[in-house]
Amino acid sequence: MKIHETYIKRCLQLAKNGLPAAMPNPSVGAVLVHEGKIIAEGYTSAYGGAHAEVNCIAGVYAEQSRSTEASIKKLLSKSALYVSLEPCSHYGKTPPCADLIIDSGIKKVIIGTIDPFAKVAGAGIKKLMVAGCDVSIGVLEDECRESNKRFFTYHEKKRPYIILKWAQTLDGFIAPKTRDAQKPVWITNKRSRQLVHKWRSEEQAILVGGKTVLEDNPSLTTRDWEGKNPIRIVVDSKNNLAQDLKIFNNDAKTISLEESEPEAICKTLYENEIQSLIIEGGRHTLQQFIDAGIWDEARVFYGKNIFRDGTKAPTINQTFSETSRKAIVDDTLIYYKNSPS
C-alpha cells in the first residue's frame, strides 16, 4: 500500500497544475508505472480539453515514437495506471477515459477515490473490472477528495464550495463610520490585497451584497494578478443598482440576484453550474451565511488599523476551526474551516 500512496501523491501534485483552468471539471493527476519506474504523467487540460488519463497515455506514445504500436501496447499491458479520481465512463466534452484505458491494454488501475458525479459514480470502475482490469480503490482517499473539494461539494451538497473572506481592524471593524473620497477604505496592505486577487483568479465566482456595491463601487476583478476574472454575483433584492457601477462593466460577467437568503442563492448558483464562490461582503451577507452554516472555509485578515467605530466584523462562532495563520508583512491572515458540531 505504501508504494501505491507514493504514486497517488504524485498524481495529486500533478492535479494541482490543472486548476483552476479545468473547472467545472475536476483536475486529476495520472501516472503510468512500469517495473517501478514512472514512464508517463498527465493532468487534466483546461475545460473541454483532454483528461489526465488521455494526456498520460499520449505521453507514452510520444516517448516511444520510434516503437511499433504492438510494442507500445505490450509496454502498457505490463504497466500500472495510477489516477487520483475514478476514470470517467460517459461521453461529455471528451470520450470516456475508461474506454481508452481498456483499449490501450492497461490491466492494472489504482484509483484514489470514486467520482461523485452521477454519470460516473462507480460506473467507470465497473467498466474497467468487467473488461478484466485489476482495480484498486481508496488510496489516500481523503487527500484526493480535498484535491477536488469544489467538485465534491458541488455534486454532493448541490451548492458551490463557499469561501468567506473579510478584513478587520484590531478593534474588530470592517469599515469606518464615515468615509472620505477613498472607496473602499483599506484595512490591509498591498501584499494582502494582491493575494486576494490571486484567490479570485482561482474560483469561478465572487459574491457581494448590494449595499457593498453602493458604498464601495468595487470592480471585483483580478486586476492585480494575472488570471481570469471570476463571475461577479451581486445580491440586488431591491433592484436599485445603477448600471454604470463598476460591477456591471465589461471586464467580467455579472449575475444579479433578487433572492437574498443563502439557501436560495446556493440553489441558483448550483443551477448555473458554479462550483466555487468567494463571498467578500458586506457584513450582513457574510453573517447570513455564517448563521446558516452554509460555508466551507474562511480567510480573515487582521490589519493594524483602529477605527473605534463603524461596521463591526462578522461574528465568529464555535464552528470556526482555525487551520493555520501567517503573517503578510504587517497583516495577519487566519484560515478557518467550518466544523459544525
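Everything numeric here is computed off the predicted structure, so don't read it as measured data. (Residues numbered from 1 in each chain as written. Predicted model: local features only at pLDDT ≥ 70, side-chain atom pairs only at ≥ 80, totals over all residues. Heavy atoms only, no water.)

Would you explain the nonpolar core in this entry?
Buried together is how nonpolar side chains tend to be arranged in soluble globular proteins. Ranked by size, the top nonpolar core spans 26 residues in total, and within it Ile-162, Leu-164 and Ile-233 carry the most contacts. In terms of nonpolar packing, the next biggest core, distinct from the first, is built from 25 residues, Cys-56, Leu-75, Ala-98 and Ile-111 among them. (Core = buried A, V, L, I, M, F, W, Y, C linked by side-chain atoms within 4.5 Å. Buried < 20%, exposed > 50% of the residue type's maximum accessible area, 1.4 Å probe, protein only.)

Would you take a moment to explain the environment of His-284 for this structure?
Topologically, His-284 is positioned in helix H11 (residues 283-292). C-alpha separation for the pair His-284 and Ser-339, spaced 55 residues apart in sequence, amounts to 21 Å. (Helix = DSSP H or I, 4+ residues; strand = E, 2+ residues; numbered from the N terminus.)

Honestly, the side chain of Asp-115 in this entry has me stumped. Any pointers?
With respect to the helices and strands, the residue Asp-115 is situated in the loop between strand S4 (108-113) and helix H5 (123-130). For Asp-115, which is buried and forms no salt bridge, the nearest opposite charge comes from Arg-145, at a distance of 9.3 Å. Not counting residues up to four positions away in its chain, the partners in contact with Asp-115 are Leu-85, Glu-86, Val-120, Ala-121, Gly-122 and Phe-151. (Lys, Arg positive; Asp, Glu negative; His and termini not counted. Salt bridge = Lys/Arg side-chain N within 4 Å of Asp/Glu carboxyl O. Contact = heavy atoms within 4.5 Å.)

Honestly, the sheet that holds strand S9 (residues 231-235) in this entry has me stumped. Any pointers?
For sheets, the rule is that strands pair by backbone hydrogen bonds, running either parallel or antiparallel. Spatially, S10-S9-S8-S11-S6-S12-S15-S14 is the arrangement adopted by the eight strands of the open sheet, whose pairing is mixed. Both outer strands of the open sheet, strand S10 (254-257) and strand S14 (320-328), are each paired with one neighbouring strand and no more. Averaged over all pairs of adjacent strands, the angle between their axes in this sheet comes to 20°, without regard to strand direction. Relative to strand S15 (residues 331-338), S14 is paired through eight bridges, and the arrangement is antiparallel. Along S15, the bridge assignment pairs Arg-325 with Ile-334. Packing of helix H7 (residues 149-157) onto the sheet brings it into contact with strand S6 (161-168), strand S11 (276-281) and strand S12 (297-302), and relative to S6 it is tilted by some 120°. Relative to S6, H11 is tilted by about 130°, and along the sheet it contacts S6, strand S8 (205-209), S11 and S14. (Pairing = 2+ DSSP bridges. Axes fitted to C-alpha atoms, helices over the stretch in contact; angles between N-to-C directions.)

I would appreciate a short explanation of the sheet that holds strand S2 (residues 37-43) in the present structure.
If you trace the five strands from one edge of the open sheet to the other, you get S2-S1-S3-S4-S5, paired in mixed fashion. Each end of this open sheet is capped by a strand with a single partner; those strands are S2 and strand S5 (134-137). Across the sheet, the mean angle from the axis of one strand to that of its neighbour is 15°, orientation sign disregarded. Here strand S3 (residues 80-85) runs beside S4; their pairing, made up of five bridges, is parallel. Looking at the pairing, Val-83 lines up with Ile-111 of S4.

Whenever I open this one, the domain arrangement of the protein confuses me. Can you help?
By convention, interface size is frequently given as the accessible area that disappears when the constituent parts associate. For the protein, the assigned domains read domain 1 (1-153) and domain 2 (159-338). Just the C-alpha atoms count here: the centres of domain 1 and domain 2 sit 36 Å apart. Taken together, the contact between domain 1 and domain 2 spans seven residues of the former and twelve residues of the latter. For the pair domain 1 and domain 2, the summed buried surface comes to about 850 Å²; carbon and sulfur atoms form 52% of the total. For the domain 1 face of the interface with domain 2, the top three residues by lost area are Met-23, Arg-150 and Thr-153, together amounting to 60%. Applying the counting criterion to the domain 1 and domain 2 interface returns two salt bridges. Here Glu-297 and Lys-149 are joined by a salt bridge, their closest N and O atoms 3.1 Å apart. Run the count over domain 1 and domain 2 and you get three residue pairs in polar contact (both at pLDDT 80 or more). Within the side of domain 1 that touches domain 2, the residues separate by chemical class into four nonpolar, one polar and two charged. (Domains from an automatic or database assignment. Buried area = accessible area lost by both parts, 1.4 Å probe. Polar contact = N/O pair within 3.5 Å; in protein donor to acceptor, adjacent residues only side chain to side chain. Nonpolar A, V, L, I, M, F, W, Y, C, P; charged D, E, K, R; others polar.)

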